[in-house]
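# Coordinates in review
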Amino acid sequence: NTAITTIENVKALGSTKVMETYFINEVSLKENVAPTVVSATLTATNTVKLTFSEAVSDDTEYDFEVLVGGNSQAKVETVSLGATTAVTTADLKIATVDADELAKGILLKGLDTLDIVDAAGNKLSVPTNVTVAQ
């Protein structure tokens with residue numbers, strides 16, 4: 001992205017003379033705002049719909065661990081978003097959850113291998129576990 005920069009109304013200390021206005025529009029700035037998960041909603045017993053703050057894409061690494069009641073399951077479940085093209089919403093397939101698991105609550109824990117990024121390459125920010133609404 002190219003930014004237009006204007007420097008004006010600059011004067012030396014104690015002076016009344018103002019410097020001529022300086023314009024530059026060749027400064028290239030890289031967008032560096034990390035995308036975030038806006039919402040996570042259970043839409044079926046095996047599907048979590050994720051909504052992101054901006055379009056993101058994913059590679060092949062695992063992104064999240066599915067937690068039940070804040071704990072790892074007996075067999076640790078890791079899942080990948082799998083969106084190779086940019087999307088703002090995506091369905092994340094998880095193992096089917098039952099009423100007991102739903103009552104304990106479902107969370108998504110970001111993994112070290114999380115590789116979801118926006119168009120500028122900024123990695124998805126997941127500072128805390130994502131609560132899945134039911």
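A brief report on the enclosed structure follows.

## A look at the overall build of the chain
The helix and strand inventory of the chain stands at 1 helix and 11 strands. Along the chain, helices (α) and strands (β) appear in the sequence β-β-β-β-β-β-β-β-α-β-β-β when read from the amino end. Over its C-alpha trace the chain gives a radius of gyration of 22 Å, far above what one expects of a compact globule, namely 14 Å for 134 residues. Considering only C-alpha atoms, the chain reaches an extent of 75 × 30 × 25 Å along its principal axes. For the chain, the residues scored as buried account for 29% of the 134 residues in total. Carbon and sulfur atoms form 52% of the exposed surface of the chain, whose accessible area is close to 8,400 Å². Placing the 9 positive and 18 negative side-chain charges of the chain at their respective mean positions leaves the two points 5 Å apart.

## Observations concerning the nonpolar core
Of all hydrophobic cores here, the largest spans 24 residues; its most connected members are Val48, Leu50, Phe64 and Leu108. Listed by contribution, the elements that provide at least two residues to this core are strand E3 (37–44), strand E4 (47–57), strand E5 (64–68), strand E8 (87–93), strand E9 (106–110) and strand E11 (130–132).

## Some points on the pattern of salt bridges
Pairing is possible between side chains of opposite charge, provided their charged atoms come close. As enumerated under the stated definition, the model contains 1 salt bridge in all. When the shortest N-O distance is used, the salt bridge between lysine 104 and aspartate 100 registers 3.6 Å. Of this pair, lysine 104 and aspartate 100 both sit in helix H1 (residues 99–104), 4 residues apart, roughly one helical turn. What makes aspartate 100 partly exposed here is its relative accessible area of 48%.

## Digging into the side chain of glutamate 65
In this structure, glutamate 65 sits in strand E5. In terms of polar contacts, glutamate 65 uses its side chain to reach the side chain of serine 72, at 2.6 Å. Residues within four places of glutamate 65 in sequence aside, it is in contact with Ser72, Val76, Glu77, Thr78, Leu107, Leu108, Lys109 and Leu111.

Cut-offs and rules
Residues numbered from 1 in each chain as written. Predicted model: local features only at pLDDT ≥ 70, side-chain atom pairs only at ≥ 80, totals over all residues. Heavy atoms only, no water. Helix = DSSP H or I, 4+ residues; strand = E, 2+ residues; numbered from the N terminus. Rg over C-alpha atoms; globule rule 2.2 N^0.38 Å. Buried < 20%, exposed > 50% of the residue type's maximum accessible area, 1.4 Å probe, protein only. Areas by Shrake-Rupley, 256 points an atom, 1.4 Å probe, with all protein chains shown as cover. Lys, Arg positive; Asp, Glu negative; His and termini not counted. Charge placed at Lys NZ, Arg CZ, Asp CG, Glu CD. Core = buried A, V, L, I, M, F, W, Y, C linked by side-chain atoms within 4.5 Å. Salt bridge = Lys/Arg side-chain N within 4 Å of Asp/Glu carboxyl O. Polar contact = N/O pair within 3.5 Å; in protein donor to acceptor, adjacent residues only side chain to side chain. Contact = heavy atoms within 4.5 Å.

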